[in-house]
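# Residue-level structure breakdown
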Amino acid sequence: MKKLTSILIVGVAVIAAILLVRCSMLGQSSKSGQPPGLVSGTLAPCPDKPNCVSSEAGEDADHQIAPIDYAGISTEAAWSRIQQVIEELGGEVTVASDAYLAATFTSSLFRFIDDVECRLDPAKEQIQIRSASRVGYSDLGVNRKRVEAISRAFGGNAVD
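A brief report on the enclosed structure follows. Quantities reported herein were computed from a predicted structural model and do not represent experimental measurements.

The rules behind these values
- Residues numbered from 1 in each chain as written.
- Predicted model: local features only at pLDDT ≥ 70, side-chain atom pairs only at ≥ 80, totals over all residues.
- Heavy atoms only, no water.
- Patch = residues over 30% accessible without salt bridge, like charges linked within 9 Å, V, L, I, M, F, W, Y side chains within 5 Å.
- Areas by Shrake-Rupley, 256 points an atom, 1.4 Å probe, with all protein chains shown as cover.
- Salt bridge = Lys/Arg side-chain N within 4 Å of Asp/Glu carboxyl O.
- Helix = DSSP H or I, 4+ residues; strand = E, 2+ residues; numbered from the N terminus.
- Core = buried A, V, L, I, M, F, W, Y, C linked by side-chain atoms within 4.5 Å.
- Buried < 20%, exposed > 50% of the residue type's maximum accessible area, 1.4 Å probe, protein only.
- Contact = heavy atoms within 4.5 Å.

### Examining a nonpolar patch on the surface
On the surface, a nonpolar cluster with roughly 390 Å² of combined accessible area is contributed by Met 1, Leu 4 and Leu 8. Mapped onto the elements, Leu 4 comes out in helix 1 (residues 2-30).

Following this line, the structure appears as structure tokens:
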């Protein structure tokens, strides 16, 4: 019985070590990625994984999230505000133009990098937003929660 317990403990330790190494490798590989950018003037579609949300996901309910409304303030003020909010919440804006921005968020554990992209939609007085993990499959809802937090901090529509 004692020998079986020792074997189980060693087995669990080996599996845990393998998982830690694998997660560290994924975190490292996420550093080499890039945000997808705009595709035909809109945010890129989400891949067939649950680790992405987008306000331009259309009928894709699993990936759909509300855009950020900015009615009542100027387009320039809204664009400046979204950049400020992203930085206040720990993001690093890496690309900023008149109508598109890309930012990264890095997880504290394993240093996974997620991309947040925004597209200014002045005709609708909205900021379209996409948040996605660069690697892996599931994100346990992190990207959806991030966009909801950005929306709340911005002062726009809270959540879908």
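### Regarding unusual backbone geometry
Note: most residues except glycine have negative phi, and most peptide bonds are trans. Phi at Ser 40 takes a positive value of approximately 55°, unusual for a residue other than glycine. Locating Ser 40 in the fold gives a position in the loop between strand 1 (38-39) and strand 2 (42-43). The phi dihedral of Leu 140 is positive, around 60°, even though this residue is not glycine. If you trace the backbone, Leu 140 turns up in the loop between strand 8 (126-133) and helix 3 (142-154).

### Some points on the nonpolar core
Ranked by internal contacts, the top residues of the largest apolar core, which has 20 residues, are Ile 82, Ile 86, Cys 118, Ile 127, Ile 150 and Phe 154. Mapped by element, the contributors of at least two residues to this core are helix 2 (75-88), strand 6 (100-106), strand 7 (113-121), strand 8 and helix 3. For this core, the element with the highest residue contribution is helix 2, accounting for five residues. Those residues in contact with Ile 150 that lie beyond four places of it in its chain are Ile 68, Ile 82, Val 85, Ile 86, Leu 89, Phe 105, Val 116 and Ile 129.

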